[in-house]
Number of protein chains: 2
Amino acid sequence: MTSVSTEPRDTDGPTPATAPTGGSAAQRERRRRILDATITLAAEGGFDAVQMRAVAEQAEVALGTLYRYFPSKIHLLVSALAREFTKDVDRSAIRATPGDTAHERIMYVLNRRTRALQKQPKLTEALVRAFMFADQSVTGEIHEVGTSLTTVIARAMHGTPTHGEVTEEEAAIIRIISDVWLSALISWVTGRMDEKDVEKSIDVAVRLLLR
Amino acid sequence: MTSVSTEPRDTDGPTPATAPTGGSAAQRERRRRILDATITLAAEGGFDAVQMRAVAEQAEVALGTLYRYFPSKIHLLVSALAREFTKDVDRSAIRATPGDTAHERIMYVLNRRTRALQKQPKLTEALVRAFMFADQSVTGEIHEVGTSLTTVIARAMHGTPTHGEVTEEEAAIIRIISDVWLSALISWVTGRMDEKDVEKSIDVAVRLLLR
DNA sequence: GACTGATGTAGAACGTGTTACAAGTCTAGA
DNA sequence: TCTAGACTTGTAACACGTTCTACATCAGTC
């Protein structure tokens, strides 16, 4: 309970594969099944449908095991989000982003991601709400998500899949764009913006920041 | 349950004072006691300490009555936030904001608000997390908060307490600043940023947007 | 003053996230 | 093979948000 150390893992026991790698093959497999079940349930019924007992049942693990792998529902959902975003980063590394200007390229990647999320509104609702609700204990997973997003935007900005250096100013701009995108996503999830509003608000932000 | 109307109030029954005004004096008084209890509990122990039974007890109303006034814990907390923010707006209407440039004035009001929030970290945590977790049913209260924030920034931008017109572009800039401020606040609440980071990130955003 | 409908009260009950625990199973090393 | 310890299972229990029920109170109307 007194986990005040800076790194939240490995403080008090033999907790297994909190990280995607490590552990036995059976453990990695269990972890995969759990995250798959999470995504499936979230896609069907959103945040409320991701019930720990249901996830455990669908993943064919005991409830206690589920909690051994993911210490809370929020950790579980944010980890699922992190896994999805990581896939995106890998994809963005393969080829250059289409578009002639930084503005066009950034809008391309963000809109593509936005539309993908909007095709699965329930899933998005679950993941975004978990992300927003996360407290200090989820710092690691949150950071992973942030890094993925930053990397993708940075690559789009430069137009190359290579991981070029970014200046201080560019980093600041990227952070602001991320903030705006996330805020817009929240507004969309909670029904305060429609798809057009989301694209528009990001477009305006990018235009103002890159001028 | 089928409250798809644009205005969420008065759809299905004799629900009393959802709005701050209206109802008998005794009802306004109960509403005030409930929100006071909410703020007190939140200030002491944060989101988790705002337990519906505890709020009801401290406000000296029955649990059922509490739910009649505020249909969920989230509504309750966001309403409390809205009340606090409204006080701010009233204050900002009284006198001009100090500062020679829009940048200085905006930073002045946002930093003042930020520091006030940081003096009561538990309270802020409770309010911000509720705000983030709010779903569609809380649209009204959320909108109230957003309007307050926008108004305060707009006044600071122009340097006058009068409610002058804002251009499309100014409105867009204000929205982005709000987004950044909120994101920074979340990061601070969840321990991913310290006070300096918050001020800095807003300062950078304002500088980039007002240049 | 008595009736009536809305409002408030007290407390039980339910659902779901989380924790606890006893017992079974698997793995590494002797 | 045997044993120790970690891991997994199944299940019960607990906490808190939320709902429900039966009764009390209060305001307005006859």
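Look up: the structure comes first, before these words.
Residues numbered from 1 in each chain as written. Chains lettered and ligands numbered in written order. Predicted model: local features only at pLDDT ≥ 70, side-chain atom pairs only at ≥ 80, totals over all residues. Heavy atoms only, no water.

Participant: I'd like a rundown of the packing of aromatic side chains, residues and numbers included.
Facilitator: Residue and element names in this part refer to chain B. One pass over the structure, following the stated rule, counts five aromatic pairs over all chains. With a centroid separation of 6.4 Å and an interplanar angle of 50°, the aromatic rings of Phe 85 and Trp 181 are classed as tilted. Residue Phe 85 is found in helix H4 (residues 73-94), and its partner Trp 181 is found in helix H8 (residues 168-189); the two are separated by 96 residues along the sequence. You can call Phe 85 buried: its relative accessible area is 7%. Here Trp 181 falls in the buried class, since its relative accessible area comes to 1%. (Phe/Tyr/Trp six-rings, centres within 6.5 Å; stacked < 30°, edge-to-face > 60°. Helix = DSSP H or I, 4+ residues; strand = E, 2+ residues; numbered from the N terminus. Buried < 20%, exposed > 50% of the residue type's maximum accessible area, 1.4 Å probe, protein only.)

Participant: Which residues make up the relation of the copies chain B and chain A, and what are the values?
Facilitator: Superposing chain B onto chain A takes a rotation of 180° plus a shift of 0.0 Å along the axis, which leaves an RMSD of 0.0 Å. The two molecules are tied by a two-fold rotation axis, judged by turn and shift. The fraction of interface residues of chain B whose copies in chain A are also interface residues reaches 100%, indicating that both copies meet through the same surface. (Least-squares fit on C-alpha atoms with pLDDT ≥ 70 in both. Contact = heavy atoms within 4.5 Å.)

Participant: So, helix H8 (residues 168-189) of chain A: which residues are in play, and what are the values?
Facilitator: Residue and element names in this part refer to chain A. Here H8 spans 32 Å end to end across 22 residues, near enough to the 32 Å set by a 1.5 Å rise per residue. A large share of H8 lies buried, amounting to 18 of its 22 residues. One or two positions beyond H8, positive phi appears at Gly 191, with a value near 75°. (Expected span 1.5 Å × (residues − 1).)

Participant: Report on the nonpolar core, specifying residues and quantitative values.
Facilitator: If you look at the biggest cluster of nonpolar residues, it comprises 136 residues, and the most contacted ones within it are Ile 34, Leu 66, Leu 76 and Leu 110 of chain A together with Ile 34, Leu 66 and Leu 110 of chain B. A total of 13 residues in this core trace back to one element, the largest contributor, which is H8 of chain A. Ignoring any residue separated from it by four or fewer positions in sequence, one finds Ile 34 of chain A in contact with Val 55, Ala 59, Val 61, Leu 66, Tyr 69, Phe 70 and Leu 76 of chain A. (Core = buried A, V, L, I, M, F, W, Y, C linked by side-chain atoms within 4.5 Å.)

Participant: Tell me what's going on with the interface of chain B and chain A, and back it up with residues and numbers.
Facilitator: Across the contact, 27 residues belong to chain B and 27 residues belong to chain A. In total, chain B and chain A occlude about 2700 Å² of area from one another, counting both sides; carbon and sulfur atoms represent 60% of this. Of the charged contacts in the structure, one is a salt bridge between Arg 207 of chain A and Glu 169 of chain B, with a shortest N-O distance of 3.8 Å. Across the contact surface, chain B and chain A share five residue pairs in polar contact (both at pLDDT 80 or more). Breaking the side of chain B that touches chain A down by element, the ones donating at least two residues are helix H6 (121-133), helix H7 (139-158), H8 and helix H9 (195-210) of chain B. The leading source of residues in the side of chain B that touches chain A is H8 of chain B, at eight residues. Within the side of chain B that touches chain A, the residues separate by chemical class into 15 nonpolar, five polar and seven charged. (Buried area = accessible area lost by both parts, 1.4 Å probe. Salt bridge = Lys/Arg side-chain N within 4 Å of Asp/Glu carboxyl O. Polar contact = N/O pair within 3.5 Å; in protein donor to acceptor, adjacent residues only side chain to side chain. Nonpolar A, V, L, I, M, F, W, Y, C, P; charged D, E, K, R; others polar.)

Participant: Describe the packing of H8 of chain A against helix H9 (residues 195-210) of chain A, naming the residues involved and giving the relevant values.
Facilitator: All names here are of chain A. Put simply, H8 and H9 touch, their axes get as near as 9 Å, and they point 165° apart. The angle between H8 and H9 falls in the class roughly antiparallel. Considering the relative orientation of H8 and H9, their crossing is right-handed. Residues Ile 173, Ile 176, Ile 177, Val 180, Trp 181, Ala 184 and Trp 188 of H8 form the contact with H9, whose own contacting residues are Glu 195, Val 198, Ser 201, Ile 202, Ala 205, Val 206, Leu 209 and Leu 210. Tallied by class, residues from the contact of H8 with H9 come to 13 nonpolar, one polar and one charged. (Axes fitted to C-alpha atoms, helices over the stretch in contact; angles between N-to-C directions. Parallel < 35°, antiparallel > 145°, perpendicular 65-115°, else oblique. Left-handed = near helix turned anticlockwise from the far one by under 90°.)

Participant: Residue-level account of empty space enclosed by the protein, with values.
Facilitator: Residue and element names in this part refer to chain B. Considering all chains together, one arrives at three cavities of 30 Å³ or more under this definition. Put simply, the largest cavity is a space of about 100 Å³. Around the largest cavity, the lining residues are Arg 91, Ser 92, Arg 95, Ala 96, Thr 97, Pro 98, Tyr 108, Val 109 and Arg 112. When residues of the lining of the largest cavity are traced back to their parent elements, those giving at least two are H4 and helix H5 (102-119). (1 Å grid on protein atoms, 1.4 Å probe; cavity = no way out; pocket = protein on both sides within 12 Å on 5 of 7 lines; lining within 4 Å. Points joined across faces, edges and corners; volume = space filled by probe spheres on them.)

Participant: I'd like to hear about unusual backbone geometry, residue by residue, with values.
Facilitator: All names here are of chain A. In this model, Glu 60 sits at a positive phi of 60°, which is unusual for a non-glycine residue. Among the structural elements, Glu 60 can be located in the loop between helix H2 (52-59) and helix H3 (63-69). With relative accessibility at 64%, the residue Glu 60 sits in the exposed group.

Participant: For the pattern of salt bridges, give the residues involved together with the corresponding values.
Facilitator: Two side chains with opposite charge may pair up if their charged atoms get near one another. Residues and elements named next belong to chain B. One pass over the full model with this rule turns up 18 salt bridges over all chains. Close ionic contact of Glu 29 with Arg 32 constitutes a salt bridge, the shortest N to O distance being 2.8 Å. Of the two residues, Glu 29 and Arg 32 both sit in helix H1 (residues 25-49), three residues apart, roughly one turn of that helix. A residue is classified by how much of its surface remains accessible, and Glu 29, at 32% relative accessible area, is partly exposed. In this structure Arg 32 comes out as partly exposed when scored by relative accessible area, which is 38%.

Participant: Lay out the side chain of Glu 125 of chain A with the relevant residues and their values.
Facilitator: Residues and elements named next belong to chain A. Summarising the element assignment, Glu 125 is placed in helix H6 (residues 121-133). Among the residues examined, Glu 125 registers a relative accessible area of 18% and is labelled buried. Dropping the residues within four chain positions of it, Glu 125 is found in contact with Gly 46, Phe 47 and Val 189.

Participant: Quick rundown of H1 of chain B? Include the residues and the values.
Facilitator: Along its 25 residues, H1 of chain B runs just 29 Å from first to last C-alpha, ending more than 12% under the 36 Å computed at 1.5 Å per residue. Along H1 of chain B, the sharpest kink reaches roughly 95°, centred on Ala 43 of chain B. Those residues of H1 of chain B that sit buried are Arg 31, Ile 34, Leu 35, Ala 37, Thr 38, Ile 39, Leu 41, Ala 42, Gly 46 and Phe 47 of chain B. In this fold, the buried residues of H1 of chain B make contact with H6 of chain A together with helix H2 (52-59), helix H3 (63-69), H4 and H6 of chain B. (Bend = angle between axes of the 7 residues up to and from the residue.)

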